[in-house]
Amino acid sequence: MKFALIALGTAAVLAGCSSMGTSPSSKAPSTPTQAADGTLIGPTGKTLYFYSKDAKGSGASACYDTCAKNWPPLDVTATATPMGDYNIIIRTDGKRQWAYKGQPLYYFVKDAKPGDKTGDGVGGNWKVAKP
């Protein structure tokens, strides 16, 4: 009995050690977004949106100032590079933003939790980003 308990304890310690430094959160994502229920979501798990006033493929955003406060851009880390259907645009303030198939991506500040899609259709200019 004592041997079995020691073996179980050792196995638990070794299992914990094997995962050290390789947690899923430490891995870089393969893309800047993921698809969930037919919707693109960002690293925060929240819904992403397209803005109809952005000219697809222009490499520019039409959402600044108050617009960008309500519709925060999907930021790009300093080391990120374009990949597949994802490209990077440079905003007029010098910040970098992800775009999917040429359309810049945004969050909506009124989406309180992952799965919320309260920005869909706002002002007739915003729609949920879909893969």
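Residues numbered from 1 in each chain as written. Predicted model: local features only at pLDDT ≥ 70, side-chain atom pairs only at ≥ 80, totals over all residues. Heavy atoms only, no water.

Some details on the sheet that holds strand β4 (residues 86-90)
Next up, step 1: As summarised here, the arrangement of the three strands in space is β4-β5-β6, forming an open sheet in which the pairing is antiparallel. Only two strands of the sheet have a single partner each, and these edge strands are β4 and β6 (103-104). (Pairing = 2+ DSSP bridges. Helix = DSSP H or I, 4+ residues; strand = E, 2+ residues; numbered from the N terminus.)

Some words on the environment of Thr92
Next up, step 1: The residue Thr92 is located in the loop between β4 and β5 (96-100) in this model.
Next up, step 2: The spatial distance from the C-alpha of Thr92 to the C-alpha of Ala62 is 9.7 Å, given a sequence separation of 30 residues.

Brief notes about the side chain of Thr47
Next up, step 1: Tracing the sequence through the fold places Thr47 in the loop between β2 (39-41) and β3 (49-51).
Next up, step 2: Residue classification places Thr47 among the buried positions, given a relative accessible area of 1%.
Next up, step 3: Here Asp116 takes part through its backbone oxygen, which lies 2.6 Å from a polar atom of the side chain of Thr47.
Next up, step 4: Residue contacts for Thr47: discarding those within four places in its chain leaves Thr39, Leu40, Ile41, Tyr106, Tyr107, Asp111, Gly115, Asp116, Lys117 and Val128. (Buried < 20%, exposed > 50% of the residue type's maximum accessible area, 1.4 Å probe, protein only. Polar contact = N/O pair within 3.5 Å; in protein donor to acceptor, adjacent residues only side chain to side chain. Contact = heavy atoms within 4.5 Å.)

Without other data, these values stay purely geometric and don't point to any function.
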